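For reference, the chains in residue letters:
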Amino acid sequence: MDKIRDLVSEELNLLEQELVKIKKNHNTMFDDLSNFVQGKSKRVRSLLCFLYLKSNNIDITSEIISLLAATELIHNASLLHDDVTDDSHTRRGVQNLFDKYGSKLSVISGDYLLSLAVEILFNLKNQYILNLFLSAVKKMSEAEIKQFFSRNTNVSVEKYLCIVKGKTAPLFSACMEAAANLSGINSDVAKTFGFNFGILFQINNDMDTLSAENDKNNGIKTAVDILGIEKTLALKDNYKEELSKILISIPDNKYKTGIEDLIKLL
């Protein structure tokens with residue numbers, strides 16, 4: 001992963017500088033929230049977007065940086081909300097805000113990050129992009145509600161994929177489509193690529209040991225529970241194949257190779 005990140009290290013550093021704007025203000029709660037956002041994270045959504053744009057010979061502008069800062073804030077907000085619904089007391093290996101401050105402040109903190117993201121998106125003065133992200137957040141919320149009411153029930157692979165396509169893929173899709181739109185390249189292709197990558201990412205995440213244990217404790221059925229390991233791996237391969245088909249249209253370069261390597265890690 002480090003070698004892949006090195007390809008766009010300059011861009012990732014600019015993103016981190018943008019996220020630092022969530023300033024500490026001598027309030028322990030806000031300090032912890034700031035540390036959470038700026039803490040250990042793979043920034044997969046931004047990493048993928050940077051690689052995709054650079055592979056298409058697109059320069060990264062300040063607008064793109066702002067767009068991806070909003071993306072990361074939305075993602076982190078969803079994690080704060082997830083910790084409450086999943087009754088999880090750690091995040092990224094450390095005590096989370098839910099454990100330290102309780103559900104009320106954890107939820108409010110997530111809402112605060114969402115408000116910061118909307119503010120950034122609004123300042124881009126692009127209604128199309130603002131609508132993209134508002135739609136993504138709506139789909140993410142709807143999917144989380146569906147998953148909550150599916151706990152401890154028999155879930156079909158169709159329903160599982162419906163939830164995955166709602167709770168994870170929309171944000172990948174939105175940031176890719178929006179970045180492509182700002183950059184003047186085919187936004188429909190970028191949207192499809194982000195959507196399929198998001199599905200693959202979530203299926204892979206569900207197979208992670210810690211994630212699988214958390215899902216089991218919360219009565220959440222994932223692909224492995226429904227299909228078994230072999231068929232789940234075959235399902236992942238199908239999405240990898242779809243992503244490879246899209247990459248064919250991109251000229252060979254180190255950034256395209258970085259995307260291919262990122263896909264191989266899933």
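Below, the structure is looked at part by part. Because the structure is a prediction, the values reported are computed rather than measured.

### Focus: the overall build of the chain
Across its full length, the chain holds 15 helices and 2 strands. Against the 2.2 N^0.38 benchmark of 18 Å for 266 residues, the chain shows a C-alpha radius of gyration of 18 Å, consistent with a compact globule. Taken over the C-alpha atoms alone, the chain extends approximately 50 × 45 × 35 Å along its principal axes. Here the chain holds 266 residues, and 48% of them are scored as buried. Once local pairs closer than 6 in sequence are excluded, the contacts in the chain between residues at least 24 apart make up 75%. Distance between charge centres in the chain, computed from 32 positive and 35 negative side chains, equals 1 Å.

### Looking at the nonpolar core
Counting 74 residues, the largest nonpolar core has Phe-133, Phe-193 and Phe-197 as the members making the most contacts within it. Looking at which element gives the most residues to this core, the answer is helix H5 (residues 62-85), with 11 residues. Excluding anything up to four places from it in sequence, Phe-193 contacts Leu-48, Tyr-52, Met-176, Leu-243, Ile-246, Leu-247, Ile-259 and Ile-263.

### Some thoughts on the environment of Glu-16
Looking at the element boundaries, Glu-16 is found in helix H2 (residues 9-19). Here the alpha-carbon distance between Glu-16 and Ile-58, two residues 42 residues apart in the chain, equals 20 Å.

### A short note on the pattern of salt bridges
Taken as a whole and assessed by the stated rule, the structure comprises 8 salt bridges. Its salt-bridge partner being Glu-16, residue Arg-43 comes within 2.7 Å of it at the nearest N-O pair. In this pair, Arg-43 sits in the loop between helix H3 (28-37) and helix H4 (44-55) while Glu-16 sits in helix H2, placing the two residues 27 residues apart along the sequence. Judged by its relative accessible area of 1%, Arg-43 is buried.

### Concerning H5
With 24 residues, H5 extends 35 Å from end C-alpha to end C-alpha; this agrees with the ideal 34 Å at 1.5 Å per step. With 19 of 24 residues buried, H5 is to be regarded as a mostly interior element. Downstream of H5 by one or two residues, Asp-87 has phi in the positive range, about 50 degrees.

### What about the packing of H5 against helix H10 (residues 169-183)?
The relative placement of two packed helices is expressed as an angle between their axes plus a distance between the axes. Where H5 contacts H10, the axes come no closer than 10 Å and their chain directions differ by 170 degrees. The angle between H5 and H10 falls in the class roughly antiparallel. Where H5 approaches H10, its residues Glu-63, Ile-64, Leu-67, Leu-68, Thr-71, Ile-74 and His-75 are matched on the opposing element by Leu-171, Cys-175, Ala-178, Ala-179, Leu-182 and Ser-183. The class makeup of the residues in the contact of H5 with H10 is 9 nonpolar, 3 polar and 1 charged.

### Section: the environment of Leu-79
Relative to the assigned elements, Leu-79 resides in helix H5. We classify Leu-79 as buried; its relative accessible area is 9%. Along the backbone, Leu-79 and Leu-262 are 183 residues apart, and their C-alpha atoms lie at a distance of 22 Å.

### Notes on the state of the cysteines
For the structure on display, the rule yields 0 disulfides. In this structure Cys-175 is not part of a disulfide, and its nearest cysteine sulfur, from Cys-49, lies 4.9 Å away. Judged by relative accessible area, which is 0%, Cys-175 ranks as buried.

### What about empty space enclosed by the protein?
Tallied over the entire structure, the rule returns 1 cavity of 30 Å³ or more. Roughly 110 Å³ of internal volume is contained in the largest cavity. If you go around the largest cavity, you meet 14 residues; those closest to its centre are Gln-147, Tyr-160, Ile-163, Ile-220 and Lys-221. For the lining of the largest cavity, the elements supplying multiple residues, two or more each, are helix H9 (157-167) and helix H11 (187-206). Take the lining of the largest cavity: its biggest share by element is 4 residues, from H9. For the lining of the largest cavity, the per-class residue count stands at 5 nonpolar, 5 polar and 4 charged.

### What about helix H8 (residues 127-148)?
Its 22 residues place the ends of H8 32 Å apart at the C-alpha level, agreeing with the 32 Å of an ideal helix rising 1.5 Å per residue. For H8, the complete set of buried residues consists of Ile-129, Leu-130, Leu-132, Phe-133, Ala-136, Met-140, Ala-143 and Gln-147. Seen from one end, H8 has its buried residues packed into an arc of 160 degrees, which puts them on one side. Those residues of H8 that are exposed and aimed more than 90 degrees away from the buried face are Gln-127, Lys-138 and Ile-145.

Parameters at a glance
- Residues numbered from 1 in each chain as written.
- Predicted model: local features only at pLDDT ≥ 70, side-chain atom pairs only at ≥ 80, totals over all residues.
- Heavy atoms only, no water.
- Helix = DSSP H or I, 4+ residues; strand = E, 2+ residues; numbered from the N terminus.
- Rg over C-alpha atoms; globule rule 2.2 N^0.38 Å.
- Buried < 20%, exposed > 50% of the residue type's maximum accessible area, 1.4 Å probe, protein only.
- Contact = heavy atoms within 4.5 Å.
- Lys, Arg positive; Asp, Glu negative; His and termini not counted.
- Charge placed at Lys NZ, Arg CZ, Asp CG, Glu CD.
- Core = buried A, V, L, I, M, F, W, Y, C linked by side-chain atoms within 4.5 Å.
- Salt bridge = Lys/Arg side-chain N within 4 Å of Asp/Glu carboxyl O.
- Expected span 1.5 Å × (residues − 1).
- Axes fitted to C-alpha atoms, helices over the stretch in contact; angles between N-to-C directions.
- Parallel < 35°, antiparallel > 145°, perpendicular 65-115°, else oblique.
- Nonpolar A, V, L, I, M, F, W, Y, C, P; charged D, E, K, R; others polar.
- Disulfide = S-S within 2.5 Å.
- 1 Å grid on protein atoms, 1.4 Å probe; cavity = no way out; pocket = protein on both sides within 12 Å on 5 of 7 lines; lining within 4 Å.
- Points joined across faces, edges and corners; volume = space filled by probe spheres on them.
- Arc of directions from axis to C-beta.

Keep in mind these numbers describe shape, not what the thing actually does.
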